[in-house]
Amino acid sequence: MIRYLAVRVALGLVAILGVTMITFIGERTAGSPVLLLVAPTATPAQIQAKKHELGFDRPLPVQYAIFLEHAVQGDFGTSIKFDVPATQLVKERVGATLELAGTAFVLSLVVGVFLGTLAAAFRGTVVDRAASLLGLVGQAMPGFWVGIMLLLIFAVKLRWLPVGGRGGLSHLVLPAVTLSWFSIAAFLRLTRSAMLDELESDYVKLARLKGVPEWLVVGKHALRNTLVTVTTYAGLTLATLLGGTVIVETIFFWPGIGSLLTSALYTHDYPVIQAGVVLVSFTFVVCNLGVDLLYGALDPRIRYGRAA
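Only a predicted model underlies this, so the values are computations on that prediction, with no experimental measurement involved.

> Tell me about the layout of surface pockets, and name the residues and values.
Its boundaries defined by the atoms lining it, the largest pocket holds a volume of some 540 Å³. Counting only elements with at least two residues in the lining of the largest pocket, the list comes to helix H1 (2–30), helix H3 (44–54), helix H4 (60–71) and helix H13 (270–298). Tallying contributions element by element places H4 first for the lining of the largest pocket, with four residues. The class makeup of the residues in the lining of the largest pocket is nine nonpolar, seven polar and five charged. Estimates place the volume of the second largest pocket at around 390 Å³. Taken together, 17 residues line the second largest pocket, and the ones lying closest to its centre are Ile-16, Ala-71, Phe-76, Val-278 and Leu-279. Counting only elements with at least two residues in the lining of the second largest pocket, the list comes to H1, H4, helix H5 (86–121) and H13. The residue inventory of the lining of the second largest pocket, partitioned by class, reads 14 nonpolar, two polar and one charged.

Below you can see the structure in the form of structure tokens.
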């Protein structure tokens, strides 16, 4: 088990290193913020002086080595746009993103698994067809379009909910539903498919022959084994929701990391971009490791050791 964890952590660190390298090279290839920081009438000498001040005149490998040296200490530099530490900006925004992504994750998991289980339990009925249609439509509609439609209907036309911003529970409803829309449909279809396989298995047939109530067969026996499959997608979904709030936060003016990174991309604010990317990468690694560890708890047949 310890060896397995060590290998997984090492692979996770390599993945984070690879992501930071790609981001570092990509952002510097896309453009430089120097011209945004000097006057329009700046001379070539002044521009060069600014590059030297920011360290952009050094070779790219040297810049990356300096970045890594500071990054391992939690220092990603000072925001070029806001002139404050990039880590501070990310910390100020991470709470809003966690609130939004966490709510969307719980909503996705609870609603998706419940509807998927219901559809499998009532296979071939109106309930099953309605749930399957919801799953199909939910994955077919783009998230940004869903967000705009919800905004127009419930905020602009009906005025039941706020247009945007972060505040009370009412401000969270539309962004959370928008962010979880695709995941609900995915959980629904995944759970239904896995549940149908479990309900056709021998141990379920045996439980029915013994007279075990159907609700107990579905809710305890079949659902427990289904959760092993669902857990895999749940871990990836949580990481995706945390790192994929950019569009939703932009539509609903939600002050999270996604909107911060969008602003940083426009202004080539390298330190903020790097701090945000490392946080998202770290989230993916932690979520995937957590999913692997949950396997053993959900399915005793899974053991870590030689296979690792």
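Back to the text.
> Pulling in residues and values, what's your account of the packing of helix H6 (residues 126–140) against helix H8 (residues 169–199)?
At a minimum axis distance of 8 Å, the contact between H6 and H8 shows a crossing angle of 135°. Taken together, the axes of H6 and H8 are oblique relative to one another. Here H6 and H8 pass one another in a crossing that is left-handed. Every residue of H8 that contacts H6 at Asp-128, Ala-131, Ser-132, Leu-134, Gly-135, Leu-136, Val-137, Gly-138 and Gln-139 is listed here: Trp-181, Phe-182, Ala-185, Ala-186, Leu-188, Arg-189 and Arg-192. Broken down by class, the residue content of the contact of H6 with H8 amounts to nine nonpolar, four polar and three charged.

> How would you explain the packing of aromatic side chains if you had to name every residue and give the values?
Two descriptors summarise a pair of aromatic rings, namely the distance from one centre to the other and the angle between the planes of the rings. Under the defined criterion, the tally for this structure stands at five aromatic pairs. Their ring planes at 65° and their centres at 5.2 Å tell us that Phe-24 and Tyr-64 sit as a pair that is edge-to-face. Taken together, the positions of Phe-24 in helix H1 and Tyr-64 in helix H4 put the pair 40 residues apart, joining distant regions of the chain. Seen in terms of ring centroids, Phe-67 and Phe-76 are 6.2 Å apart; in terms of plane orientation they differ by 50°. Their pairing is tilted. As far as the burial class goes, Phe-67 and Phe-76 line up, both buried. By way of ring pairs, the aromatic residues Phe-24, Tyr-64, Phe-67 and Phe-76 are connected into one cluster.

> Tell me about the environment of Gly-12, and name the residues and values.
As for its placement among the helices and strands, Gly-12 is situated in helix H1. In this structure Gly-12 comes out as buried when scored by relative accessible area, which is 8%.

> Can you break down the environment of Phe-154 residue by residue, with the values?
Inspection of the secondary structure assignment puts Phe-154 in helix H7 (residues 143–157). When neighbours within four sequence positions are excluded, Phe-154 is seen to be in contact with Arg-159, Trp-160, Leu-161 and Leu-174.

> For the packing of H5 against helix H12 (residues 257–266), give the residues involved together with the corresponding values.
Running from amino to carboxyl end, H5 crosses H12 at an angle of 135°, the nearest separation of the two axes being 8 Å. Taken together, the axis directions place H5 and H12 in an arrangement best described as oblique. Note on element contacts: H12 touches H5 through Ile-257, Gly-258, Ser-259 and Leu-260, opposite Leu-89, Val-90, Arg-93, Val-94 and Thr-97.

About the thresholds
Each chain carries its own residue numbering, running from 1 in the written order of its sequence. Only residues with pLDDT of at least 70 are given local features in this predicted model, and only at 80 or more are side-chain atom pairs given and counted; all residues enter the totals for whole chains, interfaces and linings. Side-chain numbers come from the whole structure's heavy atoms, not from hydrogens or water. Whether a set of points on the 1 Å grid over the protein atoms alone is a cavity depends on a 1.4 Å probe fitting there but being unable to get out, while an open set qualifies as a pocket with protein on both sides within 12 Å along at least five of seven lines; lining residues are those with an atom within 4 Å of a point. Grid points are joined across faces, edges and corners, and a volume is the space filled by probe spheres set on the points. Only DSSP runs of H or I covering at least 4 residues are called helices, and only runs of E covering at least 2 are called strands; the numbering of each starts at the N terminus. Residue polarity is assigned by list, with Asp, Glu, Lys and Arg as charged and Ala, Val, Leu, Ile, Met, Phe, Trp, Tyr, Cys and Pro as nonpolar; anything else, Gly included, falls into the polar class. Every axis in this analysis is a line fitted to C-alpha atoms, fitted for helices over the stretch in contact. Angles between the N-to-C directions lie between 0 and 180 degrees. Reported orientations rely on four angle classes, namely roughly parallel under 35 degrees, roughly antiparallel over 145, roughly perpendicular from 65 to 115, and oblique for the rest. Helix crossings get a hand from a simple test, with the near helix turned counterclockwise from the far one by less than a right angle marking a left-handed crossing and a clockwise turn marking a right-handed one. In what follows, residue pairs with any heavy atoms lying within 4.5 Å of each other are defined as contacts. To pair, rings of Phe, Tyr and Trp, with the six-membered ring standing in for Trp, must have centres within 6.5 Å; the planes then decide the type, stacked if under 30 degrees apart, edge-to-face if over 60, and tilted in the middle. Burial classes follow relative accessibility: with a 1.4 Å probe on protein chains only, a residue under 20% of its type's maximum area counts as buried, one over 50% as exposed, and anything between as partly exposed.

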